[in-house]
Amino acid sequence: MVKVSICFANRCRSEATSKPQCLAGTWVPVRAGGVKLKEKTMNRLFMIAKNNMKKQRGDMITFFLLTMIAVFLVFDSVSALAGAKNVIKDRFTEIKGTDTLFAVDDSKESMECLEKALEKNGVIEYEHTPFLLMNADYKNKKDKDYTSSQMIAENYNNKNKFCDVVSGFSNLKKDDVIIPLYMKNAFAIGDTLQIKIRDDVYDLRVAGYHETPYFCSTLMISIGYYYVSDEMMEAFSEHATGNVSADVLEEQLYKANFQSVPGSDEKDLEKIEMAVADEFNELIAPVKEADPMARNNLDLTANWSLFEWGDMMLPSVVLGVILLFAVITLVIALVITSFSIKNFIQRNMKNTGILEASGYTVKELRWALTIQLLFVTVLGIIFGEILAFLSVGSFGSLLDMLIGISWNQPINVVVAIGTAFFFFVTIFITVRLLSRRYKKIAVLDALRGGISTHNFKTFS
């Protein structure tokens, strides 16, 4: 046997005077009678992976960027989907939200019938608050055109036990208005909100934004909820004629909680809502027969289950689209990598043959390729999640507008770990499948550059 020097990363250890051979950028030992790998260490695999990355620098940079973008989008969208429901529930608990809302005209007969219907269907507690249901136009004073809308106006001085969203505001003036958070992009604090009823225009200064899980998005109920002063309530009330077709209707909003289903903590709120409405209609029927021109109607019936589902609709759609885009980005990254690997193997067929002839096994070549791609993947995961952490504030502002409630959730560590695990495993499996191509390459074919049918005989 003839001993030779072995060199890894240009570091040589002299063991004999024979000239070492450099194969594919890595020094390997030569023994008489053939080529054999002397040390089966990870160092050699890392060296092959390093050399491969140098040769595929452009492809690796593309793969890194696409992986980083995909990780960023997946982490942010999944975190938002997981946290959005908590944002809504937390706000519901904070303001002492109720199971149902019923709006009825403020006549004595209608209010008595509704209260009887509530009591008959297991109400635990309730309160009612006066408000105005209006059909009006509105716009920012800086804008040109009005937008028609149905809106609710409530006095910000009301002392509500339930659904209190304005108690944190102070020093409000008579022309101040508190508007929903989802209108923040159209109305900055200090802007003038103009409300037009018939020919009367009212200028109100935007003093702040309220966050209610009931009317936080117009996708669910297209009613704007505004809190105004006593003076503005009186001004709006001048348009309330008592007629059902009037532009302004004087109403009472009932907020009620009900008993749970016997033997369970669950409540079938939709069934309760329907039962209360049916009972009210039955009780009010004689009154309506006696005075057909009277309003005596339930103008709004809603339950928390419906609102909670509706509040999640828009965020789910938008975040679902973002998540889909992230998955498409990942697929594109894998497709590009797949073509890159196939082309690289084809272009470096002779080097592959030399390595196999030197004693490297197919298993080792596959692991070298796996290490190469996983190294880039880990970098993409790290930088993608760092980017996601840094963008929490900006992404939270987007969610504010989608949900209508301020984002208050911390960074979701579980989602961060799950995202990293998903990408690592997905790309690992993909690379292992792609690297099976090495199994189909015979050493002689590889040394011939992948040509297996070429006849090298010379004909005279």
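Data block above holds the structure.
What counts, and at which threshold
Residues numbered from 1 in each chain as written. Predicted model: local features only at pLDDT ≥ 70, side-chain atom pairs only at ≥ 80, totals over all residues. Heavy atoms only, no water. Helix = DSSP H or I, 4+ residues; strand = E, 2+ residues; numbered from the N terminus. Buried < 20%, exposed > 50% of the residue type's maximum accessible area, 1.4 Å probe, protein only. Contact = heavy atoms within 4.5 Å. Areas by Shrake-Rupley, 256 points an atom, 1.4 Å probe, with all protein chains shown as cover. Core = buried A, V, L, I, M, F, W, Y, C linked by side-chain atoms within 4.5 Å. Salt bridge = Lys/Arg side-chain N within 4 Å of Asp/Glu carboxyl O. Polar contact = N/O pair within 3.5 Å; in protein donor to acceptor, adjacent residues only side chain to side chain. 1 Å grid on protein atoms, 1.4 Å probe; cavity = no way out; pocket = protein on both sides within 12 Å on 5 of 7 lines; lining within 4 Å. Points joined across faces, edges and corners; volume = space filled by probe spheres on them. Nonpolar A, V, L, I, M, F, W, Y, C, P; charged D, E, K, R; others polar. Arc of directions from axis to C-beta. Phe/Tyr/Trp six-rings, centres within 6.5 Å; stacked < 30°, edge-to-face > 60°. Lys NZ or Arg CZ within 6 Å of the ring centre and 35° of its normal.

Enquirer: What is the right way to look at the overall build of the protein chain in this model?
Expert: Of the regular secondary structure elements, the protein chain holds 11 helices and 15 strands. Looking at the protein chain as a whole, 47% of its 460 residues are labelled buried. Residue pairs at least 24 apart in sequence account for 79% of intrachain contacts in the protein chain once pairs closer than 6 positions are excluded. Surface summary for the protein chain: the accessible area is close to 23700 Å², and the carbon and sulfur share equals 56%.

Enquirer: Honestly, the nonpolar core in this entry has me stumped. Any pointers?
Expert: A general tendency of soluble globular proteins is for nonpolar side chains to be buried together. Residues Leu114 and Leu118 are the most contacted members of the largest nonpolar core, which totals 86 residues. Broken down by element, the residue count for this core peaks at 16 residues, all from helix α2 (residues 57-94). With residues up to four places along the chain from it excluded, the contact list for Leu114 reads Phe102, Val104, Tyr254, Val276, Phe280 and Leu298. Formed by 26 residues, the second largest nonpolar core is a distinct cluster that contains Ala153, Ile179, Ile195 and Val228.

Enquirer: Honestly, the pattern of salt bridges in this entry has me stumped. Any pointers?
Expert: If charged atoms from side chains of opposite charge come close, those side chains can pair. What the rule picks out here adds up to 9 salt bridges. Of the charged contacts in the structure, one is a salt bridge between Arg205 and Asp176, with a shortest N-O distance of 3.0 Å. Here Arg205, found in strand β12 (residues 200-210), pairs with Asp176, found in strand β10 (residues 176-180); they are 29 residues apart in sequence, far enough to count as distant. Its relative accessible area of 33% is what places Arg205 among the partly exposed residues. Salt-bridge contacts for Arg198 lead to Asp247; the nearest nitrogen and oxygen are separated by 2.4 Å. Of the two residues, Arg198 sits in the loop between β11 (192-197) and β12 while Asp247 sits in the loop between α4 (230-237) and β14 (248-258), which places them 49 residues apart along the sequence. Residue Arg198 is classed as exposed on the basis of its relative accessible area, which comes to 60%.

Enquirer: Would you mind showing me how to read the environment of Glu125 here?
Expert: The topology assignment puts Glu125 in strand β8 (residues 123-140). Each C-alpha atom of the pair Glu125 and Asn257 lies 5.5 Å from the other, and the pair is 132 residues apart in sequence. One polar contact links Glu125 to Lys161, side chain to side chain, over a distance of 3.4 Å.

Enquirer: Whenever I open this one, the environment of Glu127 confuses me. Can you help?
Expert: One can find Glu127 in strand β8. Glu127 gets classed as buried once you look at its relative accessible area, which sits at 15%. As for Glu127 and Asn257, which are separated by 130 residues in sequence, their C-alpha atoms are 9.6 Å apart. Residues contacting Glu127, with those up to four places away along its chain left out, are Asn160, Lys161, Phe162, Leu253, Tyr254 and Lys255. From its side chain, Glu127 meets the backbone nitrogen of Phe162 in a polar contact 2.9 Å long.

Enquirer: What is the right way to look at empty space enclosed by the protein in this model?
Expert: Where empty space is left can be seen by rolling a probe of water-molecule size over the atoms. By the definition in use, this model includes 4 cavities of 30 Å³ or more. Estimated volume of the second largest cavity: approximately 110 Å³. Going through the elements one at a time, β13 (223-228) and β14 are the ones with two or more residues in the lining of the second largest cavity. Residue composition of the lining of the second largest cavity, grouped by class: 9 nonpolar, 2 polar and 2 charged.

Enquirer: In this structure, what is going on with the pairing of β13? I would like to understand it.
Expert: The buried fraction of β13 amounts to 6 of the 6 residues, a majority that puts the element mostly inside the structure. The two faces of β13 match: Ile223, Tyr225 and Tyr227 on one face and Gly224, Tyr226 and Val228 on the other face are all buried.

Enquirer: Explain unusual backbone geometry here, please?
Expert: As a rule of thumb, non-glycine residues mostly have phi less than zero, and peptide bonds are mostly trans rather than cis. Non-glycine residue Cys163 carries a positive phi angle of around 55°. On the accessibility criterion, Cys163 (9% relative accessible area) is buried. Not every positive phi belongs to a glycine, and Asn171 is a case in point at roughly 55°. Secondary-structure assignment places Asn171 in the loop between β9 (147-155) and β10. Overall, the relative accessible area of 73% leaves Asn171 in the exposed class.

Enquirer: Would you mind going over α4 with me for this structure?
Expert: Spacing of three or four residues puts side chains on the same side of an α-helix, whose turn is 3.6 residues. When we look at burial in α4, the residues that qualify are Met232, Met233, Ala235 and Phe236. Taken end-on, α4 shows its buried residues confined to a sector of 160°, consistent with a single buried face. Among the structural elements, β8, β9, β11, β12, β13 and β14 are those in contact with the buried residues of α4.

Enquirer: How should I be thinking about the side chain of Asp191 in this particular structure?
Expert: With respect to the helices and strands, the residue Asp191 is situated in the loop between β10 and β11. Within polar-contact distance, the side chain of Asp191 engages the side chain of Asn140 at 3.2 Å.

Enquirer: So what exactly am I meant to see when it comes to the packing of aromatic side chains here?
Expert: For any pair of aromatic rings, the description rests on two quantities: the centre-to-centre distance and the angle between the ring planes. Inspection of every chain in the model, using the stated rule, returns 12 aromatic pairs. With a centroid separation of 5.4 Å and an interplanar angle of 75°, the aromatic rings of Phe75 and Phe389 are classed as edge-to-face. Of this pair, Phe75 sits in helix α2 while Phe389 sits in helix α8 (residues 362-390), and the two are 314 residues apart along the sequence. The interplanar angle of 90° and the centroid separation of 5.1 Å between the aromatic rings of Tyr202 and Phe236 together place this pair among those described as edge-to-face. Taken together, the residues span a long stretch of sequence, with Tyr202 in strand β12 and Phe236 in helix α4 at a distance of 34 residues. Of the two residues examined, Tyr202 and Phe236, each falls in the buried class. Aromatic ring contacts, followed pair by pair, group Phe92, Tyr214, Trp304 and Phe307 into a single cluster. A cation over an aromatic ring shows up here: Lys139 above the ring of Tyr146, its NZ or CZ 5.2 Å from the ring centre. Geometry around Trp367 places Arg432 over its ring, the cationic atom sitting 4.2 Å from the centre.

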